[in-house]
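So the chains spell out like this:
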Amino acid sequence: MIKKITIAIDGYSSTGKSTVAKQLADYLDYIYVDTGAMYRAVTYFAMQKGYISENHFDKEALINSLDEITVGFEKAKPFETADVLLNGKNIEAEIRTLEVSSFVSPIATVPEVRRKLVHQQQLIGKQKGVSMDGRDIGTVVFPDAELKIFMNASAEQRAKRRYEELLKRGDKVVYQDVYDNVVERDRIDTTREDSPLIKADDAIEIDNSEMNLEDQFHIILQLAKDRIAGRI
Ligand code: DC
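Residues numbered from 1 in each chain as written. Predicted model: local features only at pLDDT ≥ 70, side-chain atom pairs only at ≥ 80, totals over all residues. Heavy atoms only, no water.

Peer 1: Explain the sheet that holds strand β1 (residues 6–11) to me, please; I cannot follow it from the model alone.
Peer 2: The strands that make up a sheet pair up through hydrogen bonds in the backbone, lying either parallel or antiparallel. Within the open sheet, the 5 strands sit side by side as β2-β8-β1-β9-β10. Their pairing is parallel. In this open sheet, the two strands that pair with only one neighbour each are β2 (31–34) and β10 (204–207). Between one strand axis and the next, the sheet turns by 20° as a mean value, whatever way the strands run. Where β1 lies against strand β8 (residues 130–134), 5 bridges are found, and the strand directions are parallel. (Pairing = 2+ DSSP bridges. Helix = DSSP H or I, 4+ residues; strand = E, 2+ residues; numbered from the N terminus. Axes fitted to C-alpha atoms, helices over the stretch in contact; angles between N-to-C directions.)

Encoded structure:
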């Protein structure tokens with residue numbers, strides 16, 4: 001039987017982590033988990049309840065209602081991506097807005113939120129054969145992952161990609177707002193006390209500012225194959 005490994009893909013926002021994590025999972029027939037979507041789902045819940053808005057965040061109310069939140073995934077056609085579910089309802093489209101992006105980093109600083117989601121992520125990945133992307137996968141969720149990738153790209157390049165993605169969805173956004181959001185999320189994600197975004201010592205760093213998706217996939221796939229075969 002072919003050995004199954006755990007693949008942890010961390011890095012800055014909008015570096016294409018989810019794209020490559022998904023490509024790897026498809027190719028290797030692994031489970032794919034977008035952990036950012038889980039934090040976004042909790043953020044959407046907090047927004048719906050009025051716990052977070054511009055200049056207001058009722059952390060205690062969110063912590064007290066964490067038991068009311070169930071985050072899940074369901075396969076979505078036509079590309080067999082995984083859509084996120086909040087209490088059984090598909091909210092994939094709702095969590096990708098710039099508004100959710102602007103509230104998600106403060107929500108992800110809350111240790112109680114992290115504990116709940118990390119526990120769920122560890123259960124999903126228990127059997128190995130998982131490709132998971134996020135900020136703390138190689139450092140906190142799976143410190144023993146066989147393959148750890150840390151993705152980076154210039155803030156300008158990331159903002160440009162995100163901006164184009166939002167425009168394609170039909171969202172009315174201004175480039176500068178998207179850029180500011182990318183920079184602000186970097187700041188919060190790297191400086192928070194609980195599980196900040198840092199490169200694990202044994203992670204391989206990939207800067208994809210000048211790389212196309214296909215080249216990036218082949219580089220990381222080769223690393224995964226080498227790990228599976230025990231070559232590196
Ligand atoms: O990957 P993303 O941009 O969808 O993630 C949204 C936010 O969630 C990100 O700004 C930080 C947070 N996050 C986190 O703190 N830990 C993770 N494992 C994944 C995401």
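Peer 1: Looking at this structure, how should I read the site of the ligand?
Peer 2: Lining the immediate surroundings of the ligand are 16 residues, of which R40, R114, D136, R185 and R192 lie closest. With respect to the ligand, the side chain of T35 contributes an N or O atom lying 3.0 Å from a nitrogen atom. Separating an oxygen atom of the ligand from a side-chain N or O atom of S105 is a distance of 3.1 Å. Alone, the ligand offers 440 Å² of accessible surface; in the complex the protein occludes 96% of this. Considering each element in turn, the shell around the ligand owes the most residues, 4 residues, to helix α2 (residues 35–49). For the shell around the ligand, a count of residues per class yields 4 nonpolar, 4 polar and 8 charged. (Near = heavy atom within 4 Å. Polar contact = N/O pair within 3.5 Å; in protein donor to acceptor, adjacent residues only side chain to side chain. Areas by Shrake-Rupley, 256 points an atom, 1.4 Å probe, with all protein chains shown as cover. Nonpolar A, V, L, I, M, F, W, Y, C, P; charged D, E, K, R; others polar.)

Peer 1: I tried to follow the packing of aromatic side chains on my own but got confused; where do I start?
Peer 2: Within a pair of aromatic rings, the relevant descriptors are the distance that separates the centres and the angle that separates the planes. Here the structure, examined in full by the defined rule, presents 5 aromatic pairs. Geometrically, the ring pair formed by Y27 and F217 is edge-to-face, given 6.2 Å between the ring centres and 65° between the ring planes. With a gap of 190 residues between them, Y27 in helix α1 (residues 17–28) and F217 in helix α9 (residues 213–228) connect regions that are remote in the sequence. Aromatic side chains Y163 and Y175 sit 5.7 Å apart centroid to centroid with 85° between the ring planes, which places their arrangement in the edge-to-face category. (Phe/Tyr/Trp six-rings, centres within 6.5 Å; stacked < 30°, edge-to-face > 60°.)

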